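Architecture and fold: a report
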Amino acid sequence: MEILNIAEKVAFNLIKQAVIYLPEDVKQALRKAYAEETSAAGKTQLKAILDNIEFAEKYQAPMCQDTGTIIFYIKAGAKAKDLYKIEDALIRATRRATVEVPIRPNAVNPFTQKNSGDNTGKLIPWTNWKVVPGEDIEITVLPKGGGSENVCVMGMLVPGEGINGLKKFVVDAVLKAGAKPCPPNILGVGIGGGSDIAMKIAKKALLRPLNVSNPDPEIAKLEKEILEAVNMTGIGPMGLGGKTTVLGVNIDYAYRHPASYPAAVAFNCWAARRAAARISADGTVEYLTHKVDEVK
Amino acid sequence: MAVYKFKTPISEEEIRKLNVNDVLYVTGTMFTARDQAHKRALEYFKQGKPLPIDLEGLAVFHCGPIVKKKEDTWTIVAAGPTTSTRMEIFEDEFIRSFKVRVIIGKGGMGRRTTEAMAKCGAVYGAFTGGAAILAARAIKSVKSVEWLDLGMPEAMWILDVEEFGPLTVAIDSHGNNLFEDVQRKVEENKQRIYQKLGLSP
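Everything numeric in this text was worked out from a predicted model, so none of it was measured.

1. Digging into the overall build of chain B
When its secondary structure is counted, chain B shows six helices and nine strands. Judged by the C-alpha coordinates and their principal axes, chain B covers about 60 × 35 × 35 Å. When each of the 201 residues of chain B is scored for burial, the buried share is 61%. Restricting to contacts in chain B with at least 6 residues of sequence separation, those with at least 24 account for 65%. Each charge class in chain B was averaged separately, 28 positive and 26 negative side chains, and the resulting centres sit 4 Å apart.

Next comes the structure, spelled out in structure tokens:
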């Protein structure tokens, strides 16, 4: 089969897997939060979330009606053939998923306010490319919900304030977001590079599983410190009060300009959906985040 | 905390019984309305144009569902709540104009809505954000769809529901707002957090 067809099939499966099945690390974090939550209102919310996750799997339906803006991350092997066909395959897969999964049409023209009806439009789905050695093509999908997107923030901090400025920026973002991003959330924190780069890093950091800390022990410590701090806010599940506001903090960075300290916080809702697969040169496919038999 | 099960149309007298933290289940007619449907409904009201249905005593759901059409029948696939604060600019006028009794959404609403609810007799029921399949299971059928030109999420879906909930009464008709209470506590915690992190306020 040629790459256009393989990539379309794989991307379709990834969208379907992602919107129906939460990754195991997110499910585990939610179960732990439910066990540890002491606020009655918060516990009710977490119970509803856990029940809903089960129902979604049982009825093969998207766990949340907001199936997000479809964002892809491609690791393209430099020797892979016909890479120029991949984006076309991703668009086709997105259109097919809109009808067949189904997922909600979420692509609107910002001038006419018309919904395209098929989750595609100018530059959407959005695709991030990275060229890597070899022949494999790795596709990751991040269906990104709108409620949590609406509280993402980017700031040009004061370099002289250093890490303390960053800590305050993240804590203030969580305080300001409150109930809006469907807590408990996952935070992606991106630092450095430039204004656009910081947010790109932050959003990509949402793909890191919750049970994987930053390989740099100092940053891992900072992730834990910020996690504990934001869970002292008392915002709780769905903002109705409680001790679980954030399930995990994933930090990543680039070097910064001496005069700039760009920082960004990307929020993901509890429905932290992601799925990935690798296509080898011979056309074989390995699903990396979900067991393939989960897709019926 | 008490549990109430109401059938639409819900009267002002019934709604006044509810207090924050109570749990409510709604049976009967519910309709979805997001930004665009609120805007259009209010424009119709100002122009004296009739709405597709009488909204008095009904529950309005801040929701853009996923809906599937098979032959001539629409089925709700997933229908969790959307963020209600976006409707804050419309909701007080909406409550006054149409006498809806239950506003269902996530994330809570502000002072203007809280005051309109106290004045006219309406409550805000918080439904767990993202719990779209829980919600879909309580929706028995799609009675009709209006204003589909606004797109699937923004259209007005008129739904027949059975024991739709649990809805945590987060704003009652007595001026209480649970989200504001949590917000006050969060504000108090802020200084403790800054201290723990060694930050100056």
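Further notes follow.
2. Re the pairing of strand β4 (residues 66-70) of chain B
Relative to strand β5 (residues 73-78) of chain B, β4 of chain B runs antiparallel, the two being bridged by five bridges. For V67 of chain B, the partnering residue across the bridge sits in β5 of chain B and is I76 of chain B.

3. Some remarks on the domain arrangement of chain A
All names here are of chain A. Taken domain by domain, chain A holds domain 1 (3-22 + 63-145 + 273-294) and domain 2 (147-268). Once you take the C-alpha centre of each, domain 1 and domain 2 turn out to be 26 Å apart. With 12 residues of domain 1 at the interface, the matching set in domain 2 holds 11 residues. Among the residues domain 1 hides against domain 2, the three largest losses belong to Y73, K144 and R274. Together they make up 54% of the total. For the pair domain 1 and domain 2, the number of links is one salt bridge.

4. Description of the environment of M238 of chain A
When you line up the elements, M238 of chain A lands in the loop between α8 (217-230) and β6 (246-253). With near-sequence residues (within four places) excluded, M238 of chain A lies in contact with Q45, A179, C182, P183 and W270 of chain A together with K106, T128, G129 and F179 of chain B.

5. A look at the interface of chain B and chain A
Opposite the 44 residues of chain B that make contact, chain A presents 42 residues. Summing both partners gives a buried area of about 3,600 Å² for chain B against chain A, and 67% of it is carried by carbon and sulfur. E228 of chain A serves as the salt-bridge partner of K196 of chain B, at 3.7 Å between the closest nitrogen and oxygen. The tally of links between chain B and chain A comes to 14 residue pairs in polar contact (both at pLDDT 80 or more). Looking at the side of chain B that touches chain A, the elements with two or more residues in it are β4, β5, α5 (132-138), β9 (156-171) and α6 (178-196) of chain B. Class assignment for the residues of the side of chain B that touches chain A results in 23 nonpolar, 13 polar and eight charged.

Cut-offs applied
- Residues numbered from 1 in each chain as written.
- Chains lettered and ligands numbered in written order.
- Predicted model: local features only at pLDDT ≥ 70, side-chain atom pairs only at ≥ 80, totals over all residues.
- Heavy atoms only, no water.
- Helix = DSSP H or I, 4+ residues; strand = E, 2+ residues; numbered from the N terminus.
- Buried < 20%, exposed > 50% of the residue type's maximum accessible area, 1.4 Å probe, protein only.
- Contact = heavy atoms within 4.5 Å.
- Lys, Arg positive; Asp, Glu negative; His and termini not counted.
- Charge placed at Lys NZ, Arg CZ, Asp CG, Glu CD.
- Pairing = 2+ DSSP bridges.
- Domains from an automatic or database assignment.
- Buried area = accessible area lost by both parts, 1.4 Å probe.
- Salt bridge = Lys/Arg side-chain N within 4 Å of Asp/Glu carboxyl O.
- Polar contact = N/O pair within 3.5 Å; in protein donor to acceptor, adjacent residues only side chain to side chain.
- Nonpolar A, V, L, I, M, F, W, Y, C, P; charged D, E, K, R; others polar.

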